[in-house]
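# Understanding the architecture of this molecule
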Amino acid sequence: MHYSQNGVSIGYCTQISGAMEEDFIKYLRENHIMVYLSYSHNRE
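To start, this report covers the structure provided alongside it. (Residues numbered from 1 in each chain as written. Predicted model: local features only at pLDDT ≥ 70, side-chain atom pairs only at ≥ 80, totals over all residues. Heavy atoms only, no water.)

### A word on the overall build of the protein chain
Counting secondary structure elements, the protein chain contains two helices and zero strands. Counting every position in the protein chain, which comprises 44 residues, the buried fraction comes to 16%. Carbon and sulfur atoms form 49% of the exposed surface of the protein chain, whose accessible area is close to 4,100 Å². (Helix = DSSP H or I, 4+ residues; strand = E, 2+ residues; numbered from the N terminus. Buried < 20%, exposed > 50% of the residue type's maximum accessible area, 1.4 Å probe, protein only. Areas by Shrake-Rupley, 256 points an atom, 1.4 Å probe, with all protein chains shown as cover.)

See the structure below:
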């Protein structure tokens, strides 16, 4: 997850804010900030 405008991850922002990642994402969405999540899964 990455804020493309400022080049920081949501994980980093949650560390700064002290919020849980899920709560931070919910806050962003409630304030009409688009959040696009992408997960990569490593398969063996």
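Having seen it, we continue.
### Some points on the packing of helix α1 (residues 10–17) against helix α2 (residues 21–30)
Packing of α1 against α2 brings their axes to within 9 Å, and their N-to-C directions diverge by 100 degrees. With respect to α2, the element α1 is oriented roughly perpendicular. Taken together, the residues of α2 that come into contact with α1 (itself represented by Ile10, Gly11, Cys13, Thr14 and Ser17) are Glu21, Phe24 and Ile25. Counted by class, the contact of α1 with α2 contains four nonpolar, three polar and one charged residues. (Axes fitted to C-alpha atoms, helices over the stretch in contact; angles between N-to-C directions. Parallel < 35°, antiparallel > 145°, perpendicular 65-115°, else oblique. Contact = heavy atoms within 4.5 Å. Nonpolar A, V, L, I, M, F, W, Y, C, P; charged D, E, K, R; others polar.)

### Considerations on the side chain of Thr14
Take Thr14: it is sitting in helix α1. The residues touching Thr14, leaving out its near neighbours within four places in the chain, are Ala19, Met20, Glu21 and Phe24.

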